[in-house]
Each structure stands twice: as C-alpha cells, then as structure tokens.
Amino acid sequence: MKAAITTTAKYLPESILSNHDLELLFETNDEWIRTRTGISERRILKDKDKATSYMCGEVARQLLEKRQIGADEIDLIIIATMTPDMLFPSTACLVQSIIGASKAWAFDLNAACSGFIFALNTASRFIECGVHKKIMVIGADKMSSVIDYTDRSTAILFGDGAGGVILEPAKDESYGILDSRMYSDGENGKHHLLMTGGGSLNPASHETVDKRMHYIYQDGRQVFKSAVISMAEVAAEIMSRNNLTAEDVDYLVPHQANQRIINATAERMGIDEAKVVSNVARYGNTTAGTIPICLAELDEQQKLHTGSNLVLVSFGAGYTWGGIYIKWQ
Ligand code: UT7
C-alpha cells in the first residue's frame, strides 16, 4: 500500500517584515538581500501569547474542514518543528488538544528545515503497513522566537509560517509517495548551524542569555555550500532511482532557504524555471513550514492533477537532507 496526500493547508501570520523594515534594524539594504537570497519580505507572528501550536492549530482546522472529517478520525499527528511552544509537552499534543483529536497519538519531530520531509516519510510508513488510515503531518516554525535581530547575516533569512497535509492510503500502488531518500551528517552539521542555549547542555541562565545563546547561530557560507551540493545530489538521485527525466517532473518543490540554492538544484535536475516552486521572496525561510506551504499554494492554484510528478527536496540543520518522489493522486 502507498500513502497519498489528500488534503493541504497553510497558515501565514498577517504581519509583514520587509527588507526595508530590516534596513532600520541593522546595516543592510533591500538590494543586497534580494540579490543574495531572493527574499523581499517575511511574515512574523507578532502576538506574544501565540506560538507554533497556534499556527499548527490554524492549519489543522483547515485540513479537517477541507477533508470534511471530524478530529476523532485522525489516528496520528506529527508536528515537524524546531521551535516548539516549550520543550514539553510536545507541540503535537498541544495541537491534539486544540482540535480535540481524542483518538490520535501525537509527537514532534525535529529535523530543522528537513523536518517536514522527515515527518512525511515517517508518517507514510504507518499508512503503508496498514496501521493508520489518516495522519496529519504539519511543518511549522516561529523562527522570530529564535532570531537575533542584531545578526544581519541570519535575521534576513527567516520568517514564521506553517503548512500541513493529511496522509491516507492511496487508491492504488501507482499513486502517492513512491520513493524517498533521507540523510544526516551530524559530524559536519553540528558546527555550522545550531542553537546552543536552552537544552540540557546549556540550560537557561543569566550567562546563556548574556552570551545570546538562545538564538540561532549560522555560518552562512558553509551551510550554503553544503546545501547546494546536498539538495542537488539528492534531487538527481531521486530522478535516477525512478527513471524520471526533466520532462517527467511536473514540479520541483524545494526547501525555501535561498533562491540561489533553489536555482542550483533546478539546474542540476535540468528542469526549467516554470516547474520550480518558489515563494521565498514572500515568506523567506519558514524552516519546517516551507515545503507544505509550497504544496498548499500549488493546490490552491489548482496546479496539482492526478498523475503530476513532484520531487520534494530539503536541507537543514543537523545536517539533515532528503528527497521524496510523489505521484499526485
Ligand atoms: O535552511 C537552512 C539552511 N540555511 C541556508 O541554507 C542559508 C545558507 N546561506 C546563505 O543563504 C548565505 O550564505 C547568506 C545569505 C547567509 C549570506 O550570503 P553570502 O553570499 O554567503 O554572503 P557572505 O556571508 O559571504 O557575506 C558577504 C559579505 C560579508 O562582508 P565582507 O566580509 O565580504 O566585507 C558580510 O559581512 O556580505 C556581508 N553581509 C551583509 N551585507 C549586507 C552579510 N549579511 C549582510 C546583510 N546586508 N544582511
């Protein structure tokens, strides 16, 4: 049995943080940001009392409404996030409570920017072996909660947002998630993209706050190099394993970190621009949110048809990266 996405939804906060707004915070300019990253603006969840679970709850409600099912039909909720509301309980349990999915079990999965594809891959196994019939997989991050708005090289990149899907048994074996390749490289990843404070190694203290350890640290140049290589490689691997030519691929749905990384991946696959999904200009990098937000937008624009071939690829902290091939049901 294969697992197919039957429903998509997204939530982006209303408040916009533009490149011009950032010009007021530190030494930068709109042109530099657009040329180096492709980003013009991002969304920020401004309310102090709202966090990742709020965005997930908005997505979850839409998913149930679109699919016309009750929350008690959901078997499992997986939330991919690196910005949970709190260390515990999991954000997935909070979302279960928001929608009242009383029969589900729920857990978070943290693979940073690759969180959604890791979670989608994980969820698909529960469908494939017949254990579950309806799984909610949501990728969401409130990146503004971990961004140092004095660090110009990192602050320009990220925004807040959430997207999600319902995964169900495909109508036959030729549809749904047909292949996936997942990778991690902790040896290299642990140095270049991390947040050192707030965990069991460096619990919150005056010192960790003074040293700004509760913010993301990124060596942008190093991460950029690894991201370009890994995303292009895994995209090419997915194509070759499934005998897909550039013509066969209807959409490349890449993680939205930087337009230059997206372009390099598309170039390696040999596919033209029209097939490359990009909204990085409008939302920046929403971490685990990027890919499901892209899927929801494709769906809203009625661009997904039975038999459409999609290649999803991602790269993020860990390092973690991977690719998924979906034949749309
Ligand atoms: O999703 C998870 C993975 N994350 C990523 O994929 C992000 C990967 N990295 C990147 O996207 C890019 O490395 C950045 C956008 C972060 C930086 O772009 P870059 O082309 O790699 O620039 P750079 O770090 O090599 O910096 C070039 C120059 C530096 O000045 P000097 O040393 O050459 O004088 C920076 O200080 O640009 C300077 N700079 C800025 N200038 C204006 C860095 N940030 C800014 C800024 N505005 N915001």
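Check the entry above for the structure.
Residues numbered from 1 in each chain as written. Predicted model: local features only at pLDDT ≥ 70, side-chain atom pairs only at ≥ 80, totals over all residues. Heavy atoms only, no water.

Asker: Mind showing me how you'd approach the site of the ligand here?
Answerer: Residues in close proximity to the ligand total 22 residues, the closest being T28, R36, R221, N258 and N285. Within the backbone of G220, a nitrogen or oxygen atom sits 3.1 Å from a nitrogen atom of the ligand. Take N258: an N or O atom from its side chain is 2.8 Å from an oxygen atom of the ligand. Relative to its free-state accessible area of 950 Å², the ligand is covered by the protein chains to the extent of 77%. If you list the elements that add at least two residues to the shell around the ligand, you get α2 (30-37), α6 (152-155), α9 (220-241) and α10 (259-269). Counting residues per element, the shell around the ligand draws most heavily on α9, which supplies four residues. Residue classes in the shell around the ligand are distributed as nine nonpolar, eight polar and five charged. Taken domain by domain, the makeup of the shell around the ligand includes at least three residues from each of domain 1 (3-169) and domain 2 (176-327). (Near = heavy atom within 4 Å. Polar contact = N/O pair within 3.5 Å; in protein donor to acceptor, adjacent residues only side chain to side chain. Areas by Shrake-Rupley, 256 points an atom, 1.4 Å probe, with all protein chains shown as cover. Helix = DSSP H or I, 4+ residues; strand = E, 2+ residues; numbered from the N terminus. Nonpolar A, V, L, I, M, F, W, Y, C, P; charged D, E, K, R; others polar. Domains from an automatic or database assignment.)

Asker: What is the right way to read the sheet that holds strand β8 (residues 176-184) from this model?
Answerer: Through backbone hydrogen bonds, the strands of a sheet pair up, either in parallel or in antiparallel fashion. If you walk across this open sheet you meet the four strands as β8-β13-β12-β11, and the pairing is mixed. The open sheet is flanked by β8 and β11 (251-254), the only strands paired with a single partner. This sheet shows a mean twist of 15° between the axes of neighbouring strands, independent of strand direction. In this sheet, strand β13 (residues 320-327) lies alongside strand β12 (residues 309-316) in antiparallel orientation, the contact comprising eight bridges. When the sheet's bridge partners are listed, L310 is paired in β13 with I326. Relative to β8, helix α5 (residues 115-128) is tilted by about 130°, and along the sheet it contacts β8, β12 and β13. (Pairing = 2+ DSSP bridges. Axes fitted to C-alpha atoms, helices over the stretch in contact; angles between N-to-C directions. Contact = heavy atoms within 4.5 Å.)

Asker: Teacher, can you tell me more about the packing of aromatic side chains here?
Answerer: Given two aromatic rings, one states the distance between the centres and the angle between the planes to describe the pair. In this structure the tally under the stated criterion is six aromatic pairs. Relative to Y319, the ring of F315 has its centre 4.9 Å away and its plane inclined at 45°; by these criteria the two rings are tilted. Each member of the pair, F315 together with Y319, is buried. Classification of F315 as buried rests on a relative accessible area of 4%. Here a set of aromatic residues connected by ring pairs shows up, and it is made of Y183, F315, Y319 and W321. Over the face of the ring belonging to Y175 we find K171, whose NZ or CZ atom lies 5.0 Å from the ring centre. (Phe/Tyr/Trp six-rings, centres within 6.5 Å; stacked < 30°, edge-to-face > 60°. Buried < 20%, exposed > 50% of the residue type's maximum accessible area, 1.4 Å probe, protein only. Lys NZ or Arg CZ within 6 Å of the ring centre and 35° of its normal.)

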